[in-house]
Amino acid sequence: MHVLITGASSGIGEAIASLYLQRGDAVTLVARRKDRLDELAATAPGRAHVIAADLADPERAPGVIEEAEAALGPLDVLVNNAGVQVMGAAHAADWTAGERSLRVNVLSPLRLTTCALPGMVARGRGCVVDIASMAALAPTPGMFFYNASKGALAAASEGLRAELAPHGVHVVTVYPGPVTSEMETAARARFAASATAARVPTGTPEALARLIADAVDRRKPRVIYPRVYALSRLLPGPTRWLVDRFTPPLRD
Ligand SMILES: NC(=O)c1ccc[n+]([C@@H]2O[C@H](COP(=O)([O-])OP(=O)(O)OC[C@H]3O[C@@H](n4cnc5c(N)ncnc54)[C@H](OP(=O)(O)O)[C@@H]3O)[C@@H](O)[C@H]2O)c1
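In this text, all values refer to a predicted model and were calculated from it rather than measured experimentally.

Turning next to the site of the ligand. Neighbouring residues of the ligand: 32 residues in total, closest Ser9, Arg32, Asn81, Tyr146 and Ser181. In this structure, an oxygen atom belonging to the ligand sits 3.0 Å away from a main-chain N or O atom of Gly7. For the ligand, an oxygen atom lies 3.4 Å from a polar atom in the backbone of Gly177. Protein burial of the ligand: of its 880 Å² of free accessible surface, 95% is covered by the chains. Every element with two or more residues in the shell around the ligand is listed here: helix H1 (11-23), helix H4 (95-123), helix H6 (144-164) and helix H7 (182-190). Of the residues forming the shell around the ligand, the biggest block, three residues, is contributed by H7.

On to the pairing of strand E2 (residues 26-31). Most of E2 is tucked away: six of the six residues are buried. Burial of the side chains of E2 extends over both faces: Ala26, Thr28 and Val30 are buried on one face and Val27, Leu29 and Ala31 on the other. In this fold, strand E1 (residues 2-6) hands off to H1, which returns the chain to E2; that crossover is right-handed. Taken together, the five bridges between E2 and strand E3 (residues 48-52) define a ladder with parallel strand orientation. Paired with Val27 across the two strands is Ala48, which belongs to E3. Handedness of the crossover is the feature at issue here: the chain leaves E2, passes through helix H2 (residues 34-41), returns alongside E3, and the resulting connection is right-handed.

On to H6. Compared with an ideal rise of 1.5 Å per residue, which puts 21 residues at 30 Å, H6 spans 31 Å between its outermost C-alpha atoms and is within 8% of the ideal. Buried within H6 are the following residues: Phe145, Tyr146, Asn147, Ser149, Lys150, Leu153, Ala154, Ser157, Leu160, Arg161 and Leu164.

We now examine a nonpolar patch on the surface. Taken together, the side chains of Val228, Leu231, Leu234 and Leu235 present a nonpolar region at the surface, about 390 Å² in accessible area. Among the secondary structure elements, Leu234 is positioned in helix H10 (residues 231-234). Overall, the relative accessible area of 67% leaves Leu234 in the exposed class.

It is worth spelling out the environment of Val171 at this point. Note that Val171 resides in strand E6 (residues 169-176). Val171 gets classed as buried once you look at its relative accessible area, which sits at 0%. Distance in space between the C-alpha atoms of Val171 and Val77 is 9.6 Å, their sequence separation being 94 residues.

Relative orientation of the contacting elements helix H3 (residues 61-72) and H4 amounts to 40°, with a least axis distance of 7 Å. Between H3 and H4, the angle falls in the class oblique. Considering the relative orientation of H3 and H4, their crossing is right-handed. Contacts between H3 and H4 involve Ala61, Pro62, Val64, Ile65 and Glu69 on the former and, on the latter, Arg111, Leu112, Cys115, Ala116 and Arg123. Within the contact of H3 with H4, the residues separate by chemical class into seven nonpolar, no polar and three charged.

Judged by nonpolar contacts, the single largest core of 37 residues is most densely connected at Ile5, Ile16, Leu29 and Val129. Here the element with the most residues in this core is helix H9 (residues 205-217); it accounts for eight residues. The contact partners of Val129, leaving out residues within four places of it in the chain, are Val77, Leu78, Val79, Asn80, Val172, Val174, Ile212 and Val216. Counting residues in hydrophobic clusters, the runner-up holds 21 residues, among them Ala61, Val64, Leu117 and Val128.

This part takes up a negative patch on the surface. Judged by side-chain charge, Glu14, Asp35, Glu39 and Glu206 come together as a negatively charged surface patch. Residue placement: Asp35 occurs in helix H2.

Attention now moves to the packing of H1 against H9. When two helices pack together, their arrangement is given by the angle between their axes and by how far apart the axes lie. Where H1 contacts H9, the two axes come as close as 8 Å, and the packing angle between them is 60°. Taken together, the axis directions place H1 and H9 in an arrangement best described as oblique. Considering how the two elements wind past one another, H1 and H9 form a crossing that is right-handed. Across the interface between the two elements, Gly11, Ile12, Ala15, Ile16, Leu19, Tyr20 and Arg23 from H1 touch Pro205, Glu206, Leu208, Ala209, Arg210, Ile212, Ala213, Val216 and Asp217 from H9.

Basis of the calculations
- Residues numbered from 1 in each chain as written.
- Predicted model: local features only at pLDDT ≥ 70, side-chain atom pairs only at ≥ 80, totals over all residues.
- Heavy atoms only, no water.
- Near = heavy atom within 4 Å.
- Polar contact = N/O pair within 3.5 Å; in protein donor to acceptor, adjacent residues only side chain to side chain.
- Areas by Shrake-Rupley, 256 points an atom, 1.4 Å probe, with all protein chains shown as cover.
- Helix = DSSP H or I, 4+ residues; strand = E, 2+ residues; numbered from the N terminus.
- Buried < 20%, exposed > 50% of the residue type's maximum accessible area, 1.4 Å probe, protein only.
- Right-handed = clockwise from strand over helix to strand, strands pointing away.
- Pairing = 2+ DSSP bridges.
- Expected span 1.5 Å × (residues − 1).
- Patch = residues over 30% accessible without salt bridge, like charges linked within 9 Å, V, L, I, M, F, W, Y side chains within 5 Å.
- Salt bridge = Lys/Arg side-chain N within 4 Å of Asp/Glu carboxyl O.
- Axes fitted to C-alpha atoms, helices over the stretch in contact; angles between N-to-C directions.
- Parallel < 35°, antiparallel > 145°, perpendicular 65-115°, else oblique.
- Left-handed = near helix turned anticlockwise from the far one by under 90°.
- Contact = heavy atoms within 4.5 Å.
- Nonpolar A, V, L, I, M, F, W, Y, C, P; charged D, E, K, R; others polar.
- Core = buried A, V, L, I, M, F, W, Y, C linked by side-chain atoms within 4.5 Å.
- Lys, Arg positive; Asp, Glu negative; His and termini not counted.
- Charge placed at Lys NZ, Arg CZ, Asp CG, Glu CD.

Pasting the structure below:
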């Protein structure tokens, strides 16, 4: 199986890439920090291909898919994982950073998907995995651009599943809550200290990677992790209240 993972240089993407490499699959690793991708690729000589690309430019997408398939063959799984989190007060927004985050979090995943799909549909098999966020189900105060980007990706992903099913192509939409990573550490530091924030259920990239691989194998529609956050789909009203009531204020 050939799996392409964006944002494979750290956190959740690195954990997904490591898992597939350990399983013996061929893996294309995409991100900007090439040294980190090279280090991971060295663990599986001949089965890993590195592409250093800045996905703030969605026009990189066609070349990324083309190069990956030339190196390791037709793509079986595309994992749209690369993402950035812009936090801060909307009334003091950094528009340049916000607009850039929408290109990384929404436009590049959609462009990569449209580039990968013709081949998958023609072969009658394949899978697209979109790493959205709990921010799509329960948007968080202080994350104006991030909420918009993850809501957009999740909506595109959920709607694509039934469209592609007759073509044999599957879609997995992933909603991580807090999962230890560079992004999660940075996000925590932006909020004022609070007893509730210190106790929120937090997962690990490795456990999430296993759930994602299982969803791909068994064609499950979505992954919500840590699992307790699945309650938010059943109880959207109380979830909204809890998030509004208990999200700590941003630090200056
Ligand atoms: N951790 C959480 O709590 C959490 C919760 C919900 C959703 N998520 C989502 O999970 C995904 C992975 O996040 P993470 O927590 O693992 O964070 P992370 O450790 O900061 O990883 C982010 C990855 O995205 C890549 N990336 C960022 N900007 C890029 C760009 N312009 N071009 C190419 N690659 C870029 C980074 O690689 P380079 O810097 O090397 O380019 C890195 O590999 C993201 O989509 C995030 O929104 C995370």
